[in-house]
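# Coordinate inspection notes
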Amino acid sequence: MPRLLSCISICFASLALLGLSACGPDQSNVMRGNTEQVLYLGLGTEPEGLDPHLVTGVPEHYVLLALLEGLTTVHPKTLEIEPGVAKRWDISEDGRHYTFYLDPQARWSNGDAVTAGDFLFSFERILTPALGAPYAYMLYSIKNAEGFNRGKLTDFSQVGVHAPDDRTLTFELEAPTPYFLSLSTHYTWWPVHPPTVLAHGSMTDRISKWTKPGNFVGNGPFALKTWRLNHSIEVAKNPHYRDAASVRLNGIHFLPIGIDAEERAFRTEQLHITSTVPIPRIDWYRANDADRLHFDTYLGVYYFLINTAREPLNDPRVRKALAYSIDREALTEHVLKAGQQPAHHFTPPNTGGYTADVRLPYDPDLARQLLAEAGYPGGAGFPRFELLFNTSESHRTVAVAIQQMWREELGIDIGLYNQEWRVYLATRKERNFDIARAAWIGDYVDPNTFLSLLTSDNGNNHSNWGSARYDALIRQTAQTQDPDARYQLFQQAEAILMDEMPVIPIYFYVRSTLINEAVRGWHPNILDYHPYQHVWLESPAAEAP
């Protein structure tokens, strides 16, 4: 009886969110999905949106990867660049001119041909200042793209991207950019369907119905079928995809449920893959279900973002005191327990061959000294502030641990508050916080993807911190071709970052997931990038009676 009640309670707690009504194995999503080639994938939260030129998060990436495709894509194992919409490309000897030749089979999900003009429209859209795209800087390697985005140029034809014909796209760059082919694998570079966007407003409308089911037209391997808020996003195989014959999945159900509900759903075979693993459940899976527990290296940093416009956080001594009093080794070994590495600098080690020389210390004595110098000896008189995080028990666990460290080492107390993903993102963008939990996952394998984040006018820098010297160093890296000289510039920039401390690095990511044994073609890689056209489901062989 207790076992039956446990099954019922688990089902009703998690399956109500999944739209199911029974707990028997004949009703499980996994069994049905394996038969029908439909993948059930946990997102961990509700996506902010599906406009590739406005969203900034990882959950959004997972969905958009099914719906859209850029000029290039990646090999699912090695991350080597492979043809996407572009069937091939030429690169000039000086590395400043690229010519892409579009696949004549590339089609939108309504059957329209994907043209070079569609890409031009999309690039103009994301770079137009009125849109306010937070990721517009990802296109700054294109000649005059930055000037156009900042309003210094008003004629888009001056930007170094052109379409000589419907199947050819040419780029002129500001300087040779070794990771240029990787940039177009990111959703900010992906095209939108111009007639659909314009049918529901102007090119630069931030609020538009073009991303809704029934309206959305994409060029990826899947097409948007339904989006039920806080329930599921369903996509179905796109018959017009340029290589539809290679797509083995018939559909994907993205489920935006919390990580604890995800884990319960996984146990009851309602999910093939979770977005993460709740910290309290890691030891149980290690002991009881290790084959389905996966820890994979992930190019990302977990950090605290400081609003440097608020007192007393506007004092670098206070920010350093907070940073120096965190025992990262204890946190990763005894609290997180999934193989995360303590972050003593901002850029993950060996990112494209670069590892920062500067090292953030764990030094409570120095932290107390700095806090006293700032006017708060022993924490006396220090005002109470709050730490914001998006709703997650894992984030709360980290926040509580660091809250305790600051109380014990510095004599200060902080409040903790959480918000759902969409609200949290809006609060950050409005800079209406003291300190916020944050993370940055590499968009490509180069230190620039991390260090450019903190430039003064980066659309994703919500710290209110800026440094003219730091900005100049990052700009100089884009003009420097010698790898050693370029990495030395990054070293200088990272040293400034760790001296000013607008961010407090906590740990470097490890991707922890639960993956059902039926999933095939889902390979670990440091960008956690999994093109769905390479994924399929294969039921394990049944045991003989």
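## Examining the overall build of the protein chain
A tally of helices and strands in the protein chain yields 17 helices and 18 strands. Whereas a compact globule of 545 residues would reach a radius of gyration of roughly 24 Å, the protein chain reaches 24 Å, a difference of no more than 12%. For the protein chain, the C-alpha atoms occupy an extent of roughly 75 × 70 × 40 Å along the three principal directions. The burial tally for the protein chain puts 58% of its 545 residues in the buried class. Taking as baseline every contact in the protein chain between residues at least 6 positions apart, the subset at least 24 positions apart corresponds to 70%.

## As for the pairing of strand β10 (residues 251–255)
Within β10, five of the five residues are buried, leaving the element largely enclosed by the surrounding structure. Side chains Gly251, His253 and Leu255 of β10 all project onto a buried face; the interleaved residues Ile252 and Phe254 project onto the opposite face, where all are buried too. Pairing of strand β1 (residues 38–42) with β10 involves five bridges; the strand directions are parallel. Bridge assignment links Gly42 to a residue of β10, and that residue is Leu255.

## Brief notes about the nonpolar core
Grouped together as the largest cluster of nonpolar side chains are 154 residues, with contacts concentrated most on Phe171, Phe346 and Trp406. What Phe346 contacts, discounting residues up to four positions off in sequence, is Val301, Tyr303, Phe450, Leu451, Leu453, Leu454, Glu494, Leu497, Met498, Val503, Pro505 and Phe508.

## With respect to the packing of aromatic side chains
Taken as a whole, this structure holds 35 aromatic pairs when the rule is applied. Look at Phe171 and Phe180: their rings are 5.4 Å apart centre to centre, the planes differ by 70°, and that puts the pair in the edge-to-face class. Assessed through its relative accessible area of 2%, Phe171 is described here as buried. Of the residues examined, Phe180 reaches a relative accessible area of 2% and is grouped as buried. Taking the centre distance of 6.1 Å and the plane angle of 55° together, the rings of Tyr302 and Tyr509 count as tilted. Pair noted here: Tyr302 is in strand β11 (residues 293–306) and Tyr509 is in strand β16 (residues 503–514), with a separation of 207 residues, a long-range link. In this structure, Tyr302 and Tyr509 share a single accessibility class: buried. By way of ring pairs, the aromatic residues Trp89, Tyr98, Phe100, Phe119, Phe123, Phe171, Phe180 and Trp189 are connected into one cluster. A cation over an aromatic ring shows up here: Lys212 above the ring of Trp227, its NZ or CZ 5.9 Å from the ring centre.

## Side note on the side chain of His530
Assignment of secondary structure puts His530 in the loop between β17 (519–520) and β18 (536–537). Residue class for His530 comes out buried when judged on its relative accessible area of 4%. In terms of polar contacts, His530 uses its side chain to reach the side chain of Trp522, at 3.5 Å. Not counting residues within four places of it along the chain, the set of residues in contact with His530 comprises Leu65, Trp522, His523 and Asn525.

## Looking at the sheet that holds strand β5 (residues 97–102)
On the basis of which strands lie adjacent, the open sheet formed by four strands has the order β4-β5-β7-β6 and antiparallel pairing. The open sheet has two free edges, formed respectively by β4 (86–91) and β6 (161–165), since each of these has just one partner strand. Taking each pair of neighbouring strands and ignoring which way they run, the sheet shows an average axis angle of 20°. Bridge count for β5 against strand β7 (residues 168–172) is five bridges, and the pairing is antiparallel. Its bridge partner lying in β7, Phe100 is registered against Leu169.

## So, the sheet that holds strand β14 (residues 414–419)
Strand pairing in a sheet is mediated by backbone hydrogen bonds. Such pairs are either parallel or antiparallel. Read across the sheet, six strands follow the order β12-β16-β11-β15-β13-β14 without closing on themselves; strand pairing throughout is mixed. Of all strands in the sheet, those bounded by a partner on one side alone are β12 (341–342) and β14. With two bridges connecting them, strand β13 (residues 385–390) and strand β15 (residues 435–441) associate as parallel partners. Pairing of Leu387 across the sheet is with Ile435, part of β15. Of the strands in this sheet, β12 and β16 are in contact with helix α11 (residues 328–336), which crosses β16 at around 20°.

## A look at the pairing of β15
Along β15, six of the seven residues are buried, which leaves the element largely enclosed by surrounding structure. Bridge count for β11 against β15 is seven bridges, and the pairing is antiparallel. Note that in β15 the partner of Gly300 across the bridge is Ile441.

## Section: helix α14 (residues 421–430)
Residues three or four positions apart in an α-helix share a direction because the helix packs 3.6 residues into each turn. Residues of α14 that are buried: Trp421, Tyr424, Leu425, Thr427 and Arg428. Along α14, the residues classed as buried sweep out an arc of 160° about the axis, all on the same side. Residues of α14 that are buried in the fold lie against α3 (58–67), β11, β13, β14 and β15.

## Description of the environment of Gln158
One can find Gln158 in the loop between α5 (145–149) and β6. Classification of Gln158 by relative accessible area gives partly exposed; the value is 39%. Sequence separation between Gln158 and Gly339 is 181 residues; the distance between their C-alpha atoms is 48 Å. Apart from the residues within four sequence positions on either side, Gln158 is in contact with Lys143, Asn144 and Leu153.

## A few points about the environment of Val358
With respect to the secondary-structure elements, Val358 resides in the loop between β12 and α12 (364–373). Relative accessible area serves as the criterion here: at 24%, Val358 is assigned to the partly exposed category. C-alpha of Val358 to C-alpha of His345: the two residues are 13 residues apart in sequence and 6.7 Å apart in space.

Parameters at a glance
- Residues numbered from 1 in each chain as written.
- Predicted model: local features only at pLDDT ≥ 70, side-chain atom pairs only at ≥ 80, totals over all residues.
- Heavy atoms only, no water.
- Helix = DSSP H or I, 4+ residues; strand = E, 2+ residues; numbered from the N terminus.
- Rg over C-alpha atoms; globule rule 2.2 N^0.38 Å.
- Buried < 20%, exposed > 50% of the residue type's maximum accessible area, 1.4 Å probe, protein only.
- Contact = heavy atoms within 4.5 Å.
- Pairing = 2+ DSSP bridges.
- Core = buried A, V, L, I, M, F, W, Y, C linked by side-chain atoms within 4.5 Å.
- Phe/Tyr/Trp six-rings, centres within 6.5 Å; stacked < 30°, edge-to-face > 60°.
- Lys NZ or Arg CZ within 6 Å of the ring centre and 35° of its normal.
- Polar contact = N/O pair within 3.5 Å; in protein donor to acceptor, adjacent residues only side chain to side chain.
- Axes fitted to C-alpha atoms, helices over the stretch in contact; angles between N-to-C directions.
- Arc of directions from axis to C-beta.

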